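The residues making up each chain are set out below.
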Amino acid sequence: MRELLDGAEAITRGARAAGCNFFAGYPITPATPLLLRMLRDLPNLGGIGIQGEDEIASIGMCIGAAMTGAKAMTATSGPGISLYSENIGMAIMGEVPLVIVAVQRLGPATGGATTVAQGDVQFLRWCTSGGFPIIALCPSSIAECYSLTQHAFNLAEKFRTPVFIATDKEMMSAQQSVDTNTFEHIARVERALAPNHGEFVSYYTRKLADIPAFSPIGGAHLTRFTTSMHDETGMLTKKPSNVNRTSRHLYQKIVTHRDELEFVTRDMQDGATTLIVSYGITARSMWQAARDARSTGKRVSTLTIQSLWLTPEKSLCDAMRGVSRVIVPELNFGQYRLEIERVAYALDPRPDVIGVNRVDGELIEPEEITALIRE
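Below you will find a few notes about this structure. (Residues numbered from 1 in each chain as written. Predicted model: local features only at pLDDT ≥ 70, side-chain atom pairs only at ≥ 80, totals over all residues. Heavy atoms only, no water.)

Considering the overall build of the protein chain
Then, number 1: On a plain count of helices and strands, the protein chain comes out with 12 helices and 14 strands.
Then, number 2: Taking 2.2 N^0.38 as the reference for a compact globule, 375 residues should give roughly 21 Å; the C-alpha atoms of the protein chain span a radius of gyration of 21 Å, in line with that estimate.
Then, number 3: For the protein chain, the spread of C-alpha atoms along the three principal axes comes to 65 × 45 × 40 Å.
Then, number 4: Relative to its full complement of 375 residues, the protein chain shows a buried share of 57%.
Then, number 5: Pairs at least 24 residues apart make up 79% of the contacts formed inside the protein chain by residues separated by at least 6 positions.
Then, number 6: Carbon and sulfur atoms make up 52% of the accessible area of the protein chain, which amounts to about 15600 Å² in all. (Helix = DSSP H or I, 4+ residues; strand = E, 2+ residues; numbered from the N terminus. Rg over C-alpha atoms; globule rule 2.2 N^0.38 Å. Buried < 20%, exposed > 50% of the residue type's maximum accessible area, 1.4 Å probe, protein only. Contact = heavy atoms within 4.5 Å. Areas by Shrake-Rupley, 256 points an atom, 1.4 Å probe, with all protein chains shown as cover.)

Some details on the packing of helix α3 (residues 55-67) against helix α4 (residues 78-94)
Then, number 1: At a minimum axis separation of 8 Å, α3 and α4 run at an interaxial angle of 20 degrees. In this view, α3 runs roughly parallel relative to α4, as classed from their interaxial angle. Handedness of the crossing formed by α3 with α4: right-handed. Where α3 abuts α4, its residues Glu55, Ile56, Ser58, Ile59, Gly60, Ile63 and Met67 lie against Gly80, Leu83, Tyr84, Asn87, Ile88, Met90, Ala91 and Gly94. (Axes fitted to C-alpha atoms, helices over the stretch in contact; angles between N-to-C directions. Parallel < 35°, antiparallel > 145°, perpendicular 65-115°, else oblique. Left-handed = near helix turned anticlockwise from the far one by under 90°.)

Details of the sheet that holds strand β13 (residues 325-330)
Then, number 1: Spatial strand order, β9-β11-β10-β13-β14: five strands in an open sheet with mixed pairing. Whereas interior strands pair on both sides, the edge strands pair on one side only; in this sheet they are β9 (264-267) and β14 (352-357). Within this sheet the neighbouring strands show an average axis-to-axis angle of 20 degrees, counted without direction.
Then, number 2: Looking at chain direction, β9 and strand β11 (residues 301-305) are connected through four bridges and run antiparallel. Of the residues in β11, the one forming a bridge with Arg266 is Leu303.
Then, number 3: Sheet strands in contact with helix α9 (residues 282-295) are β9, β10 (274-278), β11 and β13, and its direction is about 170 degrees off that of β11. (Pairing = 2+ DSSP bridges.)

Structural notes on the nonpolar core
Then, number 1: Grouped together as the largest cluster of nonpolar side chains are 55 residues, with contacts concentrated most on Leu34, Met38, Met73, Val101, Ile135 and Leu155.
Then, number 2: Setting aside residues no more than four positions away along its own chain, Val101 makes contact with Ile11, Leu34, Met73, Thr74, Ala75, Thr76, Ile165, Thr167 and Met172.
Then, number 3: Core analysis: the second largest hydrophobic core is formed by 49 residues, Ala91, Val121, Ile134 and Val264 among them. (Core = buried A, V, L, I, M, F, W, Y, C linked by side-chain atoms within 4.5 Å.)

Topic: the sheet that holds strand β12 (residues 307-309)
Then, number 1: A sheet is described by the order of its strands in space; here seven strands give the open sequence β3-β2-β4-β5-β7-β6-β12, paired in mixed fashion. In this open sheet, the two edge strands, each paired with only one partner strand, are β3 (48-51) and β12. Pairs of neighbouring strands in the sheet enclose a mean axial angle of 20 degrees, with direction left out of account.
Then, number 2: In terms of strand pairing, strand β5 (residues 98-104) meets strand β7 (residues 162-168) through seven bridges, oriented parallel. Following the sheet pairing, Val99 is matched in β7 by Val163.
Then, number 3: Of the strands in this sheet, β2 (22-25), β3, β4 (72-76) and β5 are in contact with α3, which crosses β2 at around 165 degrees.

Details of empty space enclosed by the protein
Then, number 1: Counted according to the given criterion, the structure contains one cavity of 30 Å³ or more.
Then, number 2: In this structure, the largest cavity occupies an estimated 40 Å³ of space.
Then, number 3: Lining the largest cavity we find Met67, Arg160, Phe200, Ser202, Tyr203, Ala213, Phe214, Ser215, Thr223 and Arg224. (1 Å grid on protein atoms, 1.4 Å probe; cavity = no way out; pocket = protein on both sides within 12 Å on 5 of 7 lines; lining within 4 Å. Points joined across faces, edges and corners; volume = space filled by probe spheres on them.)

Structure below.
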């Protein structure tokens, strides 16, 4: 069935399909449409939708709800991520399953509240203290808004960690005719619960990369939650061996599962010496540029990245081998190009990595990309 949808509606439907039953947020352009639709839908489905008094309260409500067993989501934009920052760290430390939709706009500060940008890519990666790894998915189409939202919930549940959906003003608010029958329906991953009977230790794992079983606050067991370094029982500790284990566990439980976190779409052409890599709304300009170049006989490959963080290093290496030029279009000063240059550094021969960048609130034109494609 064809429908006229925008990204906000597709993410809302994806969240419902994933079993989301709690949403809290505070109005901020361009994330507000998602807040309004979750407030519209969740109460009718037996869930809870709340407009918090501010951003800090909203993410706090989501953390509390998630720790009682809810599947929680919130949404905001750049300044809101600034306010979320401390609580994002708390969610990482407390191992809270949570989905955070970050709708990028031109910044800094109020910037261009109604203007498209992709300037928060590195901000999301390093948005809280400690440097611990995060997971961020990035849709490039309405269909991916639906499917990647389901993946985001599954990853949050599986790894007990906040997962970002990094999108932008244009993806959130521009309507498009789509065939919803082609949307991908993802099997749900449910949280691994501790048995009701028997001993329960809040943060016990046999190996560093294991995920601790979950017991909801208010449920069958005594459950401790703290934003401080803690031992496996959840008690605050400064004992170096315990601190070291908790730190390495928070790192290893994500990095060890790197292969499960790579989401990309490859469109490779035999003999191509140029590869274009992009993500989000800018990937659409990349796709058109590739079609235009191929129509004139040029060979070019494309790689669309859906998982910004962790960086899909294996997929990038595979795609870059044998090409001499990598073009990276993005709506910032070249934030993700830095990652691609880092990955390319290990290749021999090493391809040139060239950026196509706009920060004037306009989308990148396909012609700006095709001008850089070699034969």
